[in-house]
Amino acid sequence: MPISSTNQGVSSQHPKVLIVDDESDIRELISLTLSRMQVDCLEAETLSEANQLLEQHGEGGIQLCLTDMRLPDGNGMELIYRIQKQYSQIPVAMITAHGNMSSAIEALKAGAFDFLNKPVELQTLRNLVTSALRLDQQKQVVESCDTGPELMGQSVAIEKIRQLVTRLARSLAPVHIHGESGTGKELVARMLHHRSHRCDKPFIAVNCGAIPAELMESEFFGHRKGSFTGATQNKEGLFQAAEGGTLFLDEVADLPLDMQVKLLRAIQEKSVRPVGAQKEEFVDVRIVSATHEDLAAKVEVGEFREDLYYRINVIELKVPPLRDHPEDIPVLANYFLSQLAEEMGRSAPRLSDSALKRLSHHCFPGNVRELENLLARAITLNDSDVIDAEDIQTDGRKNQAPQANSFVVDNIESVCEVGLESYLETVERQILEKALEASDYNKTAAAKKLGISFRTLRYRLKKLNMD
Ligand SMILES: Nc1ncnc2c1ncn2[C@@H]1O[C@H](COP(=O)(O)OP(=O)(O)OP(=O)(O)O)[C@@H](O)[C@H]1O
Ligand SMILES: [Mg+2]
């Protein structure tokens, strides 16, 4: 079958979609559906035909590509990679066999903006095309948004997150952010939004654990007046409020199972039905989710649906606890001090060496938020130019080294709180620091004191970023 362009004769102002599938029935079904939406279609049966059409029409001439996975001369994945590389402005959606979640995920990871299950459901197809075509109009927007919030820190871990955020912001794949409380998950979610094509649209954050179960459906999808007692007016839901933008599902592990089913449907079909409404409404939102819990483990015990897990967890972004990047403490501390001082209309105080040392030795179970709070307290209590160790009130219990003669931990909770590895690291860090202090920072003497070789000491210091 030769390369063909259907819907010819209609105005060339119409957006163009490239359909790549070896089954003519599917191409026909799609192009018929799209022609009713004033969209022109280019059809290709093979990868090489698709490549030819891409060359012919170029980046500006095609607004969306829909491709099948298995093609006579190769795999649709190859096309995704090629488009990513050469025509990165063209969004691609993969058509996959129903239930073949792994290839759908693979496609999303490779940069596809969405996928479509076979047999193709026409309303889902129409919604997908509508949101892809919007992208085209949003392309110019991204330059005009300000950069939004910034992740501070110079450690390798933070630098990696910054790079990943920049890359992921452009894609539309759902991102799941995992990390302990106070590590900066919401900040990362906001950055993803601010750097995306959606930056001029709303960012709506919702704490899934804070909505009463009986109100959940109406909170998420809205309701019609009179649909239940107390529904005195039409109300829009969170999905509608986030229209065109990003919906941030915080503490997503707290969603009850029945709501998980409804959420999955809404994400998959890009439509929601307000409580009491007859018709579904099209919604175009990017889903970013976060939790401090182990979502995979929740799937394992049946508390989180596997299908929803795969849908929202296409790309996982891990935010490390502060104790894993203590080298960022000084940068973060100075950043917060200058922010806080600015809010208070005063000049930023300096941290004394002893204050910095105290901060560096604290293990921060509450992570960056705890650091911010400690400094807020310090700056409020002290209006001089220097903040000293005494001004920083860390929780002593967590800060103190264990008693030298008590190798048995009687309070297992304090270990569980931070995890064994990092508990031991903290203990080790403190022992090394004390040994060095007691030997006037002579490493040979410190090693002797501890009954280890100089090499071992050097290795351990390096491992803990203490050298
Ligand atoms: N790397 C960072 N640079 C600057 N500020 C940060 C950084 N990490 C966290 N913060 C700040 O620390 C505070 C806590 O961050 P955030 O609310 O994003 O944490 P979270 O992981 O969502 O916490 P929780 O799980 O408790 O909701 C915020 O004020 C945030 O701006
Ligand atoms: Mg949060």
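In what follows, the structure referred to is the one given above.
In what follows, the accompanying structure is described. In this text the structure is predicted, and so the values were computed from the model without any measurement.

Think of two packed helices as two axes; the pair is described by the angle between the axes and how far apart they sit. The geometry of helix 19 (residues 420–438) relative to helix 21 (residues 454–463) is characterised by a closest axis approach of 11 Å and an angle of 125° between their N-to-C directions. Taken together, the axes of helix 19 and helix 21 lie oblique to each other. Between helix 19 and helix 21 the crossing geometry is left-handed. Mapping the contact onto sequence places E428, L432 and L436 in helix 19 and L457, R460, L461 and K463 in helix 21.

This next bit is on the nonpolar core. Counting residues in each nonpolar core, the largest one holds 47 residues, and the members touching the most others are L18 and I177. Here this core spans two domains, and each of domain 1 (4–138) and domain 2 (145–318) adds at least three residues to it. Discounting chain neighbours no more than four positions away, the residues touching L18 are L42, A44, A50, L53, L54, I62, L64, C65 and L66. With 30 residues, the next largest nonpolar core counts I211, L238, I287 and I312 among its residues.

Attention now goes to the sheet that holds strand 11 (residues 246–250). Taken together, the five strands give an open sheet; going across it, the order is 10-11-14-9-15, and neighbouring strands pair in parallel fashion. The open sheet terminates on both sides in strands that have one partner only, identified here as strand 10 (203–207) and strand 15 (315–318). When strand polarity is set aside, the average angle formed by the axes of neighbouring strands in this sheet is 20°. Inspection of the sheet shows strand 9 (residues 175–178) paired to strand 14 (residues 286–291) by four bridges, in the parallel sense. Directly across from H178, in strand 14, lies its bridge partner T291.

Here we come to the packing of aromatic side chains. For the coordinates displayed, the defined rule picks out six aromatic pairs. Plain terms: the ring middles of F221 and F239 are 5.6 Å apart, the flat faces sit at 40° to each other, and that makes the pair tilted. Taken together, the residues F221 in helix 9 (residues 216–221) and F239 in helix 10 (residues 238–241) connect sequence positions 18 residues apart. Between Y335 and F336 the ring centres are 5.4 Å apart and the planes differ by 55°, which places this aromatic pair in the tilted class. Residue Y335 is classed as partly exposed on the basis of its relative accessible area, which comes to 25%.

Taken as a whole, the second largest pocket encloses approximately 660 Å³ of empty space. Every residue lining the second largest pocket is counted, 29 residues in all, and those nearest its centre are G182, G184, L187, V368 and E372. Taken together, the elements giving at least two residues each to the lining of the second largest pocket come down to helix 8 (185–194), helix 14 (329–344) and helix 16 (367–381). When the residues that make up the lining of the second largest pocket are grouped by side-chain class, the tally is twelve nonpolar, seven polar and ten charged.

Rules used throughout
- Residues numbered from 1 in each chain as written.
- Chains lettered and ligands numbered in written order.
- Predicted model: local features only at pLDDT ≥ 70, side-chain atom pairs only at ≥ 80, totals over all residues.
- Heavy atoms only, no water.
- Axes fitted to C-alpha atoms, helices over the stretch in contact; angles between N-to-C directions.
- Helix = DSSP H or I, 4+ residues; strand = E, 2+ residues; numbered from the N terminus.
- Parallel < 35°, antiparallel > 145°, perpendicular 65-115°, else oblique.
- Left-handed = near helix turned anticlockwise from the far one by under 90°.
- Contact = heavy atoms within 4.5 Å.
- Core = buried A, V, L, I, M, F, W, Y, C linked by side-chain atoms within 4.5 Å.
- Buried < 20%, exposed > 50% of the residue type's maximum accessible area, 1.4 Å probe, protein only.
- Domains from an automatic or database assignment.
- Pairing = 2+ DSSP bridges.
- Phe/Tyr/Trp six-rings, centres within 6.5 Å; stacked < 30°, edge-to-face > 60°.
- 1 Å grid on protein atoms, 1.4 Å probe; cavity = no way out; pocket = protein on both sides within 12 Å on 5 of 7 lines; lining within 4 Å.
- Points joined across faces, edges and corners; volume = space filled by probe spheres on them.
- Nonpolar A, V, L, I, M, F, W, Y, C, P; charged D, E, K, R; others polar.

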